[in-house]
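Listed below, chain by chain, are the residues.
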Amino acid sequence: MSTAPEATSSPSVLAKLRQSKLGRTPFWVQIVAGLVLGVGLGYLARAADISWLATTLETIGKTFVQLLKLAVPPLVFTAIVVSVANLRNVTNGARLAVRTLLWFLITSLIAVAIGLGLGLLTDPGKGTNLSTDGLKAPKGGGTWVDFLTGIFPTNIVTAFTEVNVLQIVFMAVVVGAAIIKLGSKAEPVLKLSESVLELTQTALWWVIRLSPLGTLGLIGKSVAKYGWDLLKPFATLTLDIYVGCALVLFVVYSLLLRFAGGLNPLNFYKGAWPAIQLAFVSRSSVGTLPVTRRVTERLGVPSEYASFAVPFGATTKMDGCAAIYPSIAAIFVAQVYNIDLGIKDYVLIAFVSVIGSAATAGLTGAIVMLTLTLSTLGLPLEGVGLLLAIDPILDMMRTATNVAGQALVPIVVAAREKTLDLAAYNNPTGDLLDGPVAIPAQAAAKETAPATA
């Protein structure tokens, strides 16, 4: 007698896990658990000098970030190509694009004003007694010439292999515009881009499901490696960055939602929180892109518009990295080197923050943006070396602010254009573990597919 029926009737270990309370634990709870456990393990590794534990945490965190970065080139290229091409299906697509860019600029100006205000009030670089001996300027330049010439790739393959996001974005915009121009002749290219985008998002979603483990490794590594003593000379600077980002994230964005969009801010934070916390631990706006798009659409933004605004924002909308951080950091470096800044310098900082934000390109860290700001002001680029040690700690809050802004602007624009689904916005539901959202080209298939939670 065959025993196959008995074997198949018994649920597998994986099935039991999915049916258990652990399998139903909300995604955000899993990430918070990883955060708390990571801090504990990192402190243990540092306090007890357990080198193997510190190495393990660093390996886990590094592997998670590498997996996120692996998907950056195909994700950015195909997302921008598809989103630009699909603007032809959006009513008043050109106007939406202009208004999206306008709100990006407005929020960036507000953020840089807050950064400058905090820097001037607190003097983060005075009394630090930091030695600048032996510091060297970064090898990668951040001048305007480097920025402008760096937009245009000299080699298509190199742009992808070296993960030059700015060049990838430029090529994707050109391809997307060409697809619109050619019409039906370019349909095969658009279909291929849509397929690659769906494939990349699906694979990246598997990585995102590992976020609790990645959170444990990233936070644990930071605590084990840097501890709290390192922050003492940078206490005012660190506090300024976190306070400035918090003001933008929770105060400015709330006011914009209430008065510019006529919306309840609490619903935004409830719906966007998974993307914000993933950005905090991953320190990558581009890596968080699939989650940002998912929460933006679940908050009622039309899929066709979100598919353009969110990828565009993930590579250019950087209130944390490109506005608050460089403004406070420039004041910090100037004070460490005893260089006085004037009104003209502060205006230049605001100009660089708004116009040069694409230089950060959504990758982990904001060193390029800082060198661009320092070189424009004529400040010593060696000052960047002072901030490298604590950059991961600062970058967590900066990136969380970036991603919140990338979700906020499409919501505000859609609300003002009367295209926001208010029922969805007022009742943000569903768990991110349900899976990735479909790309806009598949919207027609949704009509025949069964509804999901």
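So, a few notes on the structure that sits alongside this text. (Residues numbered from 1 in each chain as written. Predicted model: local features only at pLDDT ≥ 70, side-chain atom pairs only at ≥ 80, totals over all residues. Heavy atoms only, no water.)

Looking now at the overall build of the protein chain. Assigned secondary structure in the protein chain consists of 22 helices and 0 strands. The buried share among the 453 residues of the protein chain stands at 52%. Long-range contacts, defined as pairs at least 24 residues apart, comprise 84% of the intrachain contacts of the protein chain with a sequence gap of at least 6. Of the roughly 20,400 Å² of accessible surface on the protein chain, 65% is carried by carbon and sulfur atoms. (Helix = DSSP H or I, 4+ residues; strand = E, 2+ residues; numbered from the N terminus. Buried < 20%, exposed > 50% of the residue type's maximum accessible area, 1.4 Å probe, protein only. Contact = heavy atoms within 4.5 Å. Areas by Shrake-Rupley, 256 points an atom, 1.4 Å probe, with all protein chains shown as cover.)

If you check which residues of helix H18 (residues 367-377) are buried, you get Met369, Leu370, Thr371, Leu372, Thr373, Leu374 and Leu377. Just beyond H18, the residue with positive phi is Gly378, at close to 80°.

Next up on the list: the environment of Ile276. As for its placement among the helices and strands, Ile276 is situated in helix H13 (residues 265-282). Among the residues examined, Ile276 registers a relative accessible area of 3% and is labelled buried. Taking the C-alpha atoms as reference points, Ile276 and Thr288, separated by 12 residues in sequence, lie 8.6 Å from one another. If sequence neighbours within four positions are ignored, Ile276 has contacts with Leu249, Ala400, Val403 and Ala404.

For helix H14 (residues 289-298), the buried fraction is high: 9 of the 10 residues fall into the buried class. When H14 is considered as a whole, its buried residues turn out to be Leu289, Pro290, Val291, Thr292, Arg293, Arg294, Val295, Thr296 and Glu297. If you follow the buried residues of H14, they end up packed against helix H5 (72-85), helix H10 (187-208), H13, helix H15 (303-316) and helix H20 (391-416). Just downstream of H14, Gly300 is the residue with a positive phi angle, here 105°.

Before going further, it helps to spend a moment on the packing of H5 against helix H9 (residues 165-182). At their nearest, the axes of H5 and H9 sit 8 Å apart, and the two run at 30° to each other. Classed by the angle they form, the pair H5 and H9 counts as roughly parallel. Both H5 and H9 take part in a crossing whose hand is right-handed. For the pair formed by H5 and H9, the contact residues are Val72, Pro73, Val76, Phe77, Ile80, Val81, Val84 and Ala85 on the first element and Val165, Ile168, Val169, Met171, Ala172, Val173, Val175, Gly176, Ala177, Ile179 and Ile180 on the second. Here the residues of the contact of H5 with H9 are counted per class, giving 18 nonpolar, 1 polar and no charged. (Axes fitted to C-alpha atoms, helices over the stretch in contact; angles between N-to-C directions. Parallel < 35°, antiparallel > 145°, perpendicular 65-115°, else oblique. Left-handed = near helix turned anticlockwise from the far one by under 90°. Nonpolar A, V, L, I, M, F, W, Y, C, P; charged D, E, K, R; others polar.)

Moving on to unusual backbone geometry. Its identity is not glycine, yet Asp123 carries a phi of approximately 50°, on the positive side. Relative to the helices and strands, Asp123 is located in the loop between helix H6 (93-122) and helix H7 (144-150). Here Asp123 falls in the partly exposed class, since its relative accessible area comes to 28%. At Lys418, a residue that is not glycine, the phi angle is positive and equals roughly 60°. Tracing the chain through its elements places Lys418 in the loop between H20 and helix H21 (422-426). With a relative accessible area of 73%, Lys418 lands in the exposed category.

As a further point, take the side chain of Asp319. Following the sequence through the fold, Asp319 ends up in the loop between H15 and helix H16 (320-336). For Asp319, the side chain forms a polar contact with the side chain of Ser108, separated by 3.3 Å. Within polar-contact distance, the side chain of Asp319 engages the side chain of Tyr253 at 2.5 Å. The contact partners of Asp319, leaving out residues within four places of it in the chain, are Thr107, Ser108, Ala111, Val248, Tyr253, Ile324, Thr401 and Asn402. (Polar contact = N/O pair within 3.5 Å; in protein donor to acceptor, adjacent residues only side chain to side chain.)

A separate point is the pattern of salt bridges. Tallying each qualifying case throughout the model produces 6 salt bridges. One salt bridge in this structure joins Glu297 and Arg293, with 3.7 Å as the shortest N-O distance. With Glu297 and Arg293 both in helix H14 and 4 residues apart, this pair spans about one turn of that helix. Judged by its relative accessible area of 2%, Arg293 falls in the buried class. For Asp395, the salt bridge goes to Arg398, with nearest N and O atoms at 2.7 Å. One end of the pair, Asp395, and the other, Arg398, are both in helix H20, 3 residues apart, so they sit about a helical turn from each other. With relative accessibility at 0%, the residue Asp395 sits in the buried group. Taken together, the salt bridges that share partners define one network made up of Arg95, Arg99 and Glu417. (Salt bridge = Lys/Arg side-chain N within 4 Å of Asp/Glu carboxyl O.)

A separate point is the packing of aromatic side chains. Applying the stated criterion across every chain yields a total of 7 aromatic pairs. With centroids separated by 5.0 Å and ring planes inclined at 85°, the aromatic side chains of Phe152 and Phe170 adopt a geometry described as edge-to-face. Highlighted residues: Phe152 in the loop between H7 and helix H8 (156-161) and Phe170 in helix H9, separated in sequence by 18 residues. For Phe170, a relative accessible area of 30% corresponds to the partly exposed category. Between Phe250 and Tyr269 the ring centres are 5.6 Å apart and the planes differ by 40°, which places this aromatic pair in the tilted class. Residue Phe250 is found in helix H12 (residues 235-260), and its partner Tyr269 is found in helix H13; the two are separated by 19 residues along the sequence. Members of the aromatic cluster, joined through ring pairs, are Phe104, Phe308 and Phe312. Here the basic side chain of Arg398 rests over the ring of Tyr325, its NZ or CZ set 4.1 Å away from the ring centre. (Phe/Tyr/Trp six-rings, centres within 6.5 Å; stacked < 30°, edge-to-face > 60°. Lys NZ or Arg CZ within 6 Å of the ring centre and 35° of its normal.)

Keep in mind that these numbers describe shape and distance, not what the molecule does.
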